[in-house]
Structures are given as structure tokens and as C-alpha cells.
Amino acid sequence: MGKAIFELRRQEATKNNVSVIENEIASRADNEIDALLCKDVVCREVDGTSVLVGKEMLKRLPHIVEDFAPSPQIAIIYLSDVAHIARKLSVAMSHAGWRVYEMSMPDEAKLTEQNKLLLSVPEYIRFIIAIGSGRISELCALVAKKQNIDFGIYATAPSTDSYISAVKAPKFVVADELELQSCPKQLVAAGVGIVLSQPLKEFERRVESLLFETIYSGQIGKNASKIRAKRIMLEDGTVDVIELFWQLVDLSKQNKRQSFVASAEILADILARADGKRYFGEYVFVASYLIAGFYSAYLSGDCSDVLLPPDKVKTMKLLEKKCGFNYFSLVKRIDILSINSYFRIKYILSEYRKDLLDELSDLNFKSAQKFWRRQYADAGFWLSNTFCVKELLSLMSLSGELAGGLLGFAKASGALENYI
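Residues numbered from 1 in each chain as written. Predicted model: local features only at pLDDT ≥ 70, side-chain atom pairs only at ≥ 80, totals over all residues. Heavy atoms only, no water.

Caption draft 1: Spotlight on helix α7 (residues 185-212). For α7, spanning 28 residues, the distance from its first C-alpha to its last is 40 Å, which sits close to the expected 40 Å at 1.5 Å a residue. Where α7 bends most, the angle comes to about 35°, and this point is glutamine 198, followed within four residues by the proline proline 199. Of all 28 residues that make up α7, 23 are buried, and the element is covered over most of its length. Just beyond α7, the residue with positive phi is glutamate 213, at close to 55°. (Helix = DSSP H or I, 4+ residues; strand = E, 2+ residues; numbered from the N terminus. Expected span 1.5 Å × (residues − 1). Bend = angle between axes of the 7 residues up to and from the residue. Buried < 20%, exposed > 50% of the residue type's maximum accessible area, 1.4 Å probe, protein only.)

In C-alpha cells, the structure reads:
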């Protein structure tokens, strides 16, 4: 009897030892994977989103997703222009044991058509990987919020400041150094345009704080914008693409925390609707350069004259005709500035006019636009074939109807009527 008990205990001890050995092997394997993931990878936590940049990130992604996906049912969604990258990831995820649903959308399709395509994402999908940059990130954020699931982004270009500021924040943003450096120059120019436009956005926040008594962080924001722009510029006139990506992630965090929309972003949306052949970041810089020039001219003039009120009906009809806005929706949002508010804003602008002009001259858009244009192989020659000056001024006048702040007041005072 004693021998039987002894044998039983020895068997249990053997099983326990085997279990311990198996756990040690599994733990060692996990540590090796963690070491692999951490090697040559920069990882930062940005407002609850893990942002990872390194080499061979496509191979590492199947292991990265393990920390975020609740089940092996995942979807890989992308636009057709990055299909070559998406196919590699789809194969890698399948080999790693993931059950992949793949969706490719035509990159030339309109936003409304792409939204409709996303309705066919199966309900059994528990996690989404978006491959691309700005548009695909925002589209996947919408479907993830609607289906109450999480998603991650495999960024292929530094071209947007909406990585974590869409309707739902991703669990992770992963980018490969080599892919960022080899992406089309037009996409890099879009990201550069966003960063170089930030000083004007800070200027508009400063003006809004004066006109409407909102909170502004003062010199901190202004200096941060200048430093951000300088960090992406290399001595040979090219862009530090990795630094550009991190700057855009930082701006995305800032956008998430602030609800401020710059007039240049509103005009950029109108330019995109009227043209639609370039990326949003490119339109943002064109809009910023144009608006900065208008602000200088507007504030340099005599602000004491009261101009005739704008033709709102004509403006809204042109917004419908040129940009596809719904006329009746625009009519519903008509807001007439009261006499007291009008003269109050006019007085404040007169009081701070010289200070604001000094700030505008300090923005130095002349140097910025030169650097931005030279990111293109044709040094920005495409601009001459896209919009004429008259068309740009007309669209800027129309955007004043949708904007607030200084551009909105200029529109309300009638200063932009000659342009339409």
C-alpha cells in the first residue's frame, strides 16, 4: 500500500515537473517574441493608443495584434493603391493562424461609395486592421464605432493628422520606417503641408480668444508650431520622414483634445470638393497660404468703414453648385451677426490690428511655401494647372460662410463679396 502511494506521488511530481518545464519554455518563447518586437522599434503611448515605428513591422504585426484582438476573426481593410502591402499582411496573418476577411476598396471612388462598401463587413468580425493613411483610418474608425469593435492602423505614409483623432481612437498605429521613406512624394508633401500650416492655425486660435474670450495657451502653442516645422526640415531641403510621422501623431493628439477647426481646414475641404484630385494636406497648405495673405491685406486696410452685408443666398447656391453642399441644409444654419457683436468685434480688431499684423509677418509663409513646393518632383508646377487665382479667391469667399473667427467676420462684413 505504501509503495502504491509512493508511486502515485512520484507520478504527480513528474507531471508537475513537466508542467513547470512547459511553462518555462512558453515563457521563454514569449520573452523571445517580446525581444523581437522591441528590437529596433520605437514605441510610445499616445492618449491610450500604442504607436510603434521600426523595421520589418509587417512581419511583427501578427504578434502585435495578439495583445488587442479578442478573437482570431479579423478584417483587413484598405484602398486599392496599397494592395501590394495589404496582400503581404493578409498572407502573414493567415500563416500565423488568424482568420482574415479582406476588403479592398477602389481608391478613386467617392467617400460616400466607400462608406457603402464598409456596410458589408461581417458582424462576426471582432477586430479591424486599416492599411493606409488618412481616409482609410477615418473610414475604419466609423465602422469600428458602429459595430462596437476595436481597430488598429498600419500606416503607409506620413500624410494625415487624424491617426487618433477620428470618431474612435485605434488601439495601435504601426508604421515601417522603410515604407514611410519610400512612399510617394505627394503623400509626404501632404503631411508637410499640415505641419507647416500649424502656425496659422495657432494664430487663428489667438484671434478667436480675443474675439470670443476663449482660452488660449499663449506663446507655448505658437513656439511649438515653429519648432515642429523646423524639426522636419533637413539641411539638403528634404524631409525627415520619420520625424514628420511623429509630428503628425502629436498633432493628432492635439486635435483630439481640442475641438478647434481652422479656417484653412474649412477652405481645404471646399477645395477638395471642388477639385478632388489631391490629398487633404496639400489643400490645407494652399488654403493656409491664401488665407494668411488675405489676413495681411485685410488687417493692413482701414477697418473703420462698414461694408454692405454679404449675399448669403448667392453664396449658398454657389456652395451647392461648386462643392456639392445641400442648399437647404445650408439655409437652416444661417446665423446673422447682431449689430452689437459686429461693432464689438470691429473695435477689438482695430485695437489689436498692429499686433496681429506683426504675428502674421512672423509666420514667414514665403519660406514655408518654397520648402513645401520643392517636395514635388515638378517643384509645385501642378498648382498652375489646378486652380487659377480668381477661382481660389472665389472659394475662399465661399468658405467664409462656413468659418468663424477672422475669416467669418470678414465674410459677414462684406469684405469677401467682390471675390465671388
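Still more to cover.
Caption draft 2: Geometry of the sheet that holds strand β2 (residues 49-54). The mixed open sheet is built from seven strands, whose spatial order is β1-β2-β7-β6-β5-β3-β4. Pairing within the sheet leaves two strands with one partner each, and these edge strands are β1 (41-46) and β4 (99-105). For this sheet, the mean inter-axis angle between neighbouring strands, taken without regard to orientation, is 20°. Pairing of β2 with strand β7 (residues 172-176), which is carried by five bridges, proceeds in the parallel orientation. Within β7, the position partnered with serine 50 by the bridge is phenylalanine 172. Helix α2 (residues 57-65) contacts β1, β2, β5 (127-132), β6 (150-155) and β7 of the sheet and is inclined by roughly 160° relative to β7. Sitting on the sheet, helix α9 (residues 241-257) touches β1, β2, β6 and β7, and the angle it makes with β2 is about 175°. (Pairing = 2+ DSSP bridges. Axes fitted to C-alpha atoms, helices over the stretch in contact; angles between N-to-C directions. Contact = heavy atoms within 4.5 Å.)

Caption draft 3: Summary view of the side chain of glutamate 282. The residue glutamate 282 is located in helix α11 (residues 280-300) in this model. Judged by relative accessible area, glutamate 282 falls into the buried class, the value being 0%. A distance of 2.5 Å separates polar atoms of two side chains, one belonging to glutamate 282 and the other to tyrosine 376. Those residues within four positions of glutamate 282 in sequence are excluded, and the remaining contacts are Gln186, Ala190, Trp372, Tyr376 and Trp382. (Polar contact = N/O pair within 3.5 Å; in protein donor to acceptor, adjacent residues only side chain to side chain.)

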